[in-house]
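Residues per chain, in single letters:
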Amino acid sequence: MKLVLAVIQDADAVGLIRALSENAFEVTKLASTGGFLREGNTTLMIGVGDERMPELKRIVALACRSRTRLVTPGMPVGEQAESFVNEPVEVPVGGAVMFVLSVDEFVRV
């Protein structure tokens, strides 16, 4: 048995949770913040048997897409303002990060 911690963008959370529920995965949603953009994320805790891991990975990959955003970088500390270009930069965001942990015991009370 595995415990999967899937960190996804808030924009993908509703669709992924729906897809997981439709495929009989039990999921717990946690609000989280992270990444260098400090935007809201959703962390999902999913308990899954080893035999269903490929199916889970497929569902997450279909529901969580990568996208790009334009971000205006801040000026690094100690840099001179004249040499700093304050133009937006396109950065990749989205997708999913999955931490797969082995579970020795699972108890439901």
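Residues numbered from 1 in each chain as written. Predicted model: local features only at pLDDT ≥ 70, side-chain atom pairs only at ≥ 80, totals over all residues. Heavy atoms only, no water.

### A few points about helix H2 (residues 53-63)
Alright, step 1. Of the residues making up H2, those classed as buried are Met53, Leu56, Ile59 and Val60. For H2, the angular spread of buried residues about the axis comes to 125°, placing them on one side. Away from its buried face by more than 90 degrees, H2 exposes Pro54, Ala61 and Leu62. (Buried < 20%, exposed > 50% of the residue type's maximum accessible area, 1.4 Å probe, protein only. Helix = DSSP H or I, 4+ residues; strand = E, 2+ residues; numbered from the N terminus. Arc of directions from axis to C-beta.)

### Regarding the layout of surface pockets
Alright, step 1. The volume enclosed by the largest pocket comes to roughly 300 Å³.
Alright, step 2. As for the largest pocket, its lining consists of 17 residues, of which Met1, Glu26, Ile46, Gly47 and Phe106 are closest to the centre.
Alright, step 3. Elements with a contribution of two residues or more to the lining of the largest pocket: strand E1 (2-9), strand E2 (27-34) and strand E3 (39-48).
Alright, step 4. Broken down by element, the residue count for the lining of the largest pocket peaks at four residues, all from E3. (1 Å grid on protein atoms, 1.4 Å probe; cavity = no way out; pocket = protein on both sides within 12 Å on 5 of 7 lines; lining within 4 Å. Points joined across faces, edges and corners; volume = space filled by probe spheres on them.)

### Comments concerning the environment of Leu3
Alright, step 1. As for its position among the elements, Leu3 is in strand E1.
Alright, step 2. Among the residues examined, Leu3 registers a relative accessible area of 27% and is labelled partly exposed.
Alright, step 3. The contacts of Leu3, once residues within four sequence positions are left out, are Met45, Ile46, Phe99, Val100, Leu101 and Val103. (Contact = heavy atoms within 4.5 Å.)

### A look at the nonpolar core
Alright, step 1. In this structure, Leu16, Leu20, Phe25, Leu44, Ile46 and Leu56 are the most contacted members of the largest nonpolar core, which totals 16 residues.
Alright, step 2. When residues of this core are traced back to their parent elements, those giving at least two are E1, helix H1 (10-22), E3 and H2.
Alright, step 3. The residues contacting Leu20, other than those within four sequence positions of it, are Phe25, Val27, Leu44, Ile46, Leu56 and Ile59. (Core = buried A, V, L, I, M, F, W, Y, C linked by side-chain atoms within 4.5 Å.)

### Remarks on the packing of aromatic side chains
Alright, step 1. Under the definition given, this model contains zero aromatic pairs.
Alright, step 2. A cation over a ring is seen here: Arg52 above Phe25, with NZ or CZ 3.9 Å from the ring centre. (Phe/Tyr/Trp six-rings, centres within 6.5 Å; stacked < 30°, edge-to-face > 60°. Lys NZ or Arg CZ within 6 Å of the ring centre and 35° of its normal.)

### Quick notes on the pattern of salt bridges
Alright, step 1. Using the criterion set out here, one finds three salt bridges in the structure.
Alright, step 2. Where Glu55 meets Arg52, a salt bridge forms, and the shortest distance between an N and an O atom there is 3.1 Å. (Salt bridge = Lys/Arg side-chain N within 4 Å of Asp/Glu carboxyl O.)

### Considering H1
Working note: α-helix, 3.6 residues per turn, so residues spaced by three or four point in the same direction.
Alright, step 1. In this model, H1 (13 residues) spans 19 Å end to end at C-alpha, consistent with the 18 Å of a helix rising 1.5 Å per residue.
Alright, step 2. Every buried residue of H1 is accounted for by Asp12, Ala13, Leu16, Ala19 and Leu20.
Alright, step 3. Positive phi shows up at Ala24, right after H1, with a value of about 65°. (Expected span 1.5 Å × (residues − 1).)

### Describing unusual backbone geometry
Alright, step 1. Even without being glycine, Ala24 reaches a positive phi, approximately 65°.
Alright, step 2. Along the chain, the position of Ala24 falls in the loop between H1 and E2.
Alright, step 3. Judged by its relative accessible area of 61%, Ala24 is exposed.

### Some words on the confidence of the model for the protein chain
Alright, step 1. Across the protein chain, pLDDT averages 83, with 77% of residues at or above 70.
Alright, step 2. Here strand E5 (residues 89-94) is the element of the protein chain with the lowest mean pLDDT, 69, and H2 is the one with the highest, 96. (pLDDT = per-residue confidence, 0-100.)

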